[in-house]
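Below, each chain spelled out in residue letters.
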Amino acid sequence: MKFVSIEKADGIKLGIRTGGGILDVAAALAAEPAEGIPDDMMDVIAGQPGVLEALDAYVRRWQAAREAGDARAADVFVNERTMSFAPSVPRPGKIVCVGLNYRRHAEETNAAIPGSPILFNKFSNALSAHGQEIAIPTDITSQVDYEAELAIVIGREARRIGREEALGCVFGYSAANDLSARDLQMRSSQWLLGKSLDGFCPLGPDLVTADEVPDPNGLDIRCIVNGETRQRSNTSDMIFRCDEIISYISWHMTLSPGDVILTGTPEGVMLGWPEDRRLYLRPGDIVTVEIERLGSLVNRMA
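Presented here is an overview of the structure given in this document.

Analysis parameters
Residues numbered from 1 in each chain as written. Predicted model: local features only at pLDDT ≥ 70, side-chain atom pairs only at ≥ 80, totals over all residues. Heavy atoms only, no water. Helix = DSSP H or I, 4+ residues; strand = E, 2+ residues; numbered from the N terminus. Rg over C-alpha atoms; globule rule 2.2 N^0.38 Å. Buried < 20%, exposed > 50% of the residue type's maximum accessible area, 1.4 Å probe, protein only. Areas by Shrake-Rupley, 256 points an atom, 1.4 Å probe, with all protein chains shown as cover. Lys, Arg positive; Asp, Glu negative; His and termini not counted. Charge placed at Lys NZ, Arg CZ, Asp CG, Glu CD. Polar contact = N/O pair within 3.5 Å; in protein donor to acceptor, adjacent residues only side chain to side chain. Contact = heavy atoms within 4.5 Å.

## Brief notes about the overall build of the protein chain
Thinking step 1. When helices and strands are tallied, the protein chain shows 9 helices and 20 strands.
Thinking step 2. Relative to the 2.2 N^0.38 estimate, which gives 19 Å for 302 residues, the radius of gyration of the protein chain is 19 Å and therefore close to what a compact globule would have.
Thinking step 3. Overall, the protein chain is about 60 × 45 × 30 Å in size when its C-alpha atoms are taken along their principal axes.
Thinking step 4. A burial count over the protein chain gives 53% of its 302 residues as buried.
Thinking step 5. With the model as given, the accessible surface of the protein chain reaches about 12,900 Å², and the carbon-plus-sulfur share is 47%.
Thinking step 6. Charge-centre separation for the protein chain: the mean point of 30 positive side chains lies 2 Å from the mean point of 43 negative side chains.

In structure tokens:
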């Protein structure tokens, strides 16, 4: 299934992508209440056994109602072009990021291939959504870079697990952009300052369940700026694969449902270009992150 978070006047509500639009679950429940159907993304991620099957059946019921000419269906299926997205995971407990996790990216920045995952974090203030404008604070940074990344969303608690168990703890996957203010990032040995500016973690638009992504280490990934492809790679170039990343983190901190892991970015970021050719992001730039099976995450810099 493909879930989205919808920004509404009364809060963030659950949406489900279908071939005929996005089902607004809260609106559907108002029209036809049903037991065991959550209308919040976090409740779905941490849901009880059978919740995905129940949601799938609920969606099919509304699709059948629309086909039968039920007038209520016009109010529960929304057009994504007219709705406002929220981050695909609206309230993660943790946002854990992996640095230098693509071999060619490490090589382009003249960094040593790491022997174990390099971890840092972002905070909730950095979250932003598909279609949201992201302000570049030009008074404190002039070197904002893009980083297309695969995001893993944890679906059940993982504590000191082995690699063979790791993917079984995944709820799904999303596209992310690990926006980075390089001048702030490199100000000290700690990357945090350049990574957690407001809005610097676009996430979405969809949260795609793990059953629709049989191999997260075989996905094409691209970043496009103003129509020009800047990054083009495949998650197979990761130094540490998804199962290894999850297992490694779980041995150092407990991962909980709703936690998000950003798995690193491929080559092509501005930091890897010669200094005299670096074109850092500016207000007005349109940045698109495309990941196979997960869709396109689009943001305008403001």
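## A look at the side chain of Thr263
Thinking step 1. With respect to the helices and strands, the residue Thr263 is situated in the loop between strand S18 (260–262) and strand S19 (286–291).
Thinking step 2. Polar contacts involving the side chain of Thr263 include one to the main-chain carbonyl oxygen of Leu150, which spans 2.7 Å.
Thinking step 3. Dropping the residues within four chain positions of it, Thr263 is found in contact with Val98, Asn101, Tyr102, Glu149, Leu150, Ile152, Met238 and Ile245.

## Section: unusual backbone geometry
Thinking step 1. Looking along the chain, the bond that leaves Gly204 and enters Pro205 is cis, with omega of 0°.
Thinking step 2. The residue Pro205 is located in the loop between strand S14 (201–202) and strand S15 (207–209) in this model.
Thinking step 3. Phi at Leu100 is positive, roughly 50°, even though this residue is not glycine.
Thinking step 4. Counting through the fold element by element, Leu100 comes out in the loop between strand S6 (95–99) and helix H5 (103–108).

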